[in-house]
Amino acid sequence: MNLIPSSLSDLVRRATAPFARAAGVDRPRRGMLLAASALAVALALSGQPTQAQNWSSERWTGTWGTAPAGPPTAGTAQVFTDQTLRLIVHTSIGGNRVRIRVSNEFGSAPLRIGAARIGVRASGSDVAPGTDRVLIFSGRTSIIIPPGAPALSDPVELNVPALGDLAVSFYLPGTVEATTIHGSAFQTNYVSLPGDFTAAATLPVQRTITSWPFLTEVDVESVGPTIVTLGDSITDGARSTVDTNNRWPDWLARRLQTVRDPLLGINGRLGVVNRGIGGNRLVSDSPNPLAGRSILERFDRDVVATAGVRYMTLLVGINDIGNSPNENPISAEELIAGYRQVIARAHAKGIAVFGGTLTPFEGAGYYSPQKEVVRQAVNKWIRSSDEFDGVIDFDLATRDPARPSRFLPAYDSGDHLHPNDLGYQAMGNAVPLTLFRGLGAALKAEAVK
């Protein structure tokens with residue numbers, strides 16, 4: 001029995017036709033996977049129930065996100081006592097309704113949020129007049145989140161700008177340790193004097209921090225899909241300039257809002273959620289708890305649970321290589337087995353996976369010639385194996401043509417491992433927008449009906 005209305009069958013057929021032409025997604029298996037993804041969006045756009053599902057009228061897309069880690073080692077956790085946090089986040093897409101995700105997933109005690117608000121950021125810690133909104137959780141203005149759990153706020157009406165800043169405020173009664181935290185935000189955030197100042201347009205600031213405690217996602221109501229960028233410090237934006245949003249996923253989000261590709265369709269509906277963590281690894285855990293659990297462990301929490309996810313990029317493995325023994329480094333085969341696990345688990349959820357080649361690292365503290373051999377072998381497999389649904393050649397975009405094992409000097413932040421702002425821009429520009437044409441075509445076709 002055909003559960004798709006004939007008009008949607010035509011929509012799916014038209015939407016999947018570009019797969020045969022798009023760079024990096026022109027093979028039959030890739031086309032089948034992405035066709036299934038386009039089909040899911042087409043069904044969601046139709047509002048038509050299948051026999052097994054009753055679709056909600058709400059469609060959510062991640063406009064911002066980060067990956068939680070923790071808990072910090074004993075005695076190093078940030079502590080807040082009867083204080084208000086005001087956390088600044090930079091959106092990728094806009095919308096008229098918004099909700100947030102708060103996490104106590106690494107906590108060992110209940111997390112009490114006494115009050116929460118969201119608004120458009122004016123500057124510094126200030127909220128723009130007329131944009132302040134109360135956030136509620138399950139109909140209540142406060143919530144206690146059990147250890148190991150996240151929580152979603154109820155939706156609230158707010159005109160969220162694309163590529164704009166939001167201010168999310170939490171009042172934390174009592175004494176709270178930031179056991180669930182993203183340690184390197186490259187964004188100034190604010191901690192108040194004692195008291196509930198969630199409603200204050202200007203926060204009475206006691207100190208600033210450059211981390212994101214507890215907040216892990218902001219969603220807007222939208223029919224567009226989400227791109228999750230999964231990886232390590234190079235996706236997280238290490239050594240980029242604080243408060244400038246120069247991570248490579250930020251540059252991708254800018255392109256999606258400003259580059260008009262007639263085959264891509266409605267670029268502005270593609271949300272970008274950054275799930276990079278500094279020090280993160282693919283197949284093993286770092287001894288630093290703020291470097292996060294391995295990709296294989298955190299995949300379900302940081303990718304599958306993201307609102308609207310249909311695409312993901314994977315750029316990870318350099319820390320697995322770099323932190324292995326100089327004379328006997330981790331093998332390319334072990335890393336490839338890890339990549340295959342991520343691909344299989346993503347495909348099981350209808351998520352397309354685009355593999356990023358590992359960027360140069362000669363001159364970095366943990367470099368060795370033997371490790372460079374592994375990096376080259378991994379990159380060769382990513383480019384040629386046809387197991388990813390597309391390839392983003394970050395290595396080609398950032399390397400020095402005269403010495404390909406090193407960064408181009410203009411892109412090197414100085415540690416020979418991380419790009420500078422210009423290097424991150426080059427990485428964002430290296431993402432082929434053709435990878436997203438299939439769903440873009442489906443959305444465009446629906447929008448013009």
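Residues numbered from 1 in each chain as written. Predicted model: local features only at pLDDT ≥ 70, side-chain atom pairs only at ≥ 80, totals over all residues. Heavy atoms only, no water.

Draft legend 1. Up close: the layout of surface pockets. The volume enclosed by the second largest pocket comes to roughly 180 Å³. Surrounding the second largest pocket, 13 residues form its lining, Ala109, Pro110, Val176, Glu177 and Thr179 being those nearest its centre. Secondary structure elements with two or more residues in the lining of the second largest pocket: strand E4 (111-113) and strand E11 (165-177). Top element by residues in the lining of the second largest pocket is E11. It accounts for four residues. Of the residues contributing to the lining of the second largest pocket, the split by class is six nonpolar, five polar and two charged. (1 Å grid on protein atoms, 1.4 Å probe; cavity = no way out; pocket = protein on both sides within 12 Å on 5 of 7 lines; lining within 4 Å. Points joined across faces, edges and corners; volume = space filled by probe spheres on them. Helix = DSSP H or I, 4+ residues; strand = E, 2+ residues; numbered from the N terminus. Nonpolar A, V, L, I, M, F, W, Y, C, P; charged D, E, K, R; others polar.)

Draft legend 2. Spotlight on the pairing of strand E19 (residues 309-315). Burial analysis of E19 places six of its seven residues in the buried class, the great majority of the element. In the sheet, strand E17 (residues 226-231) pairs with E19 via six bridges, with the strands oriented parallel. Bridge pairing in E19 places threonine 226 opposite valine 309. Sheet topology note: the E19/strand E20 (residues 352-356) ladder contains four bridges and is parallel. Residue pairing in the sheet places tyrosine 311 in a bridge with alanine 352 of E20. (Buried < 20%, exposed > 50% of the residue type's maximum accessible area, 1.4 Å probe, protein only. Pairing = 2+ DSSP bridges.)

Draft legend 3. Structural detail: the environment of arginine 99. The residue arginine 99 is located in strand E3 (residues 95-103) in this model. Residues arginine 99 and glutamate 157, spaced 58 residues apart in sequence, show a C-alpha to C-alpha distance of 9.1 Å. There is a polar contact of 2.9 Å between the side chain of arginine 99 and the side chain of aspartate 219. (Polar contact = N/O pair within 3.5 Å; in protein donor to acceptor, adjacent residues only side chain to side chain.)

Draft legend 4. Layout of empty space enclosed by the protein. Overall, the coordinates contain four cavities of 30 Å³ or more when judged by the stated rule. Its boundaries defined by the atoms lining it, the largest cavity holds a volume of some 230 Å³. In terms of lining residues, the largest cavity is bounded by 23 residues, among which Trp64, His90, Arg247, Asp250 and Asn274 are the most central. Mapped by element, the contributors of at least two residues to the lining of the largest cavity are strand E1 (60-65), strand E2 (79-90), helix H4 (248-258) and strand E18 (271-276).

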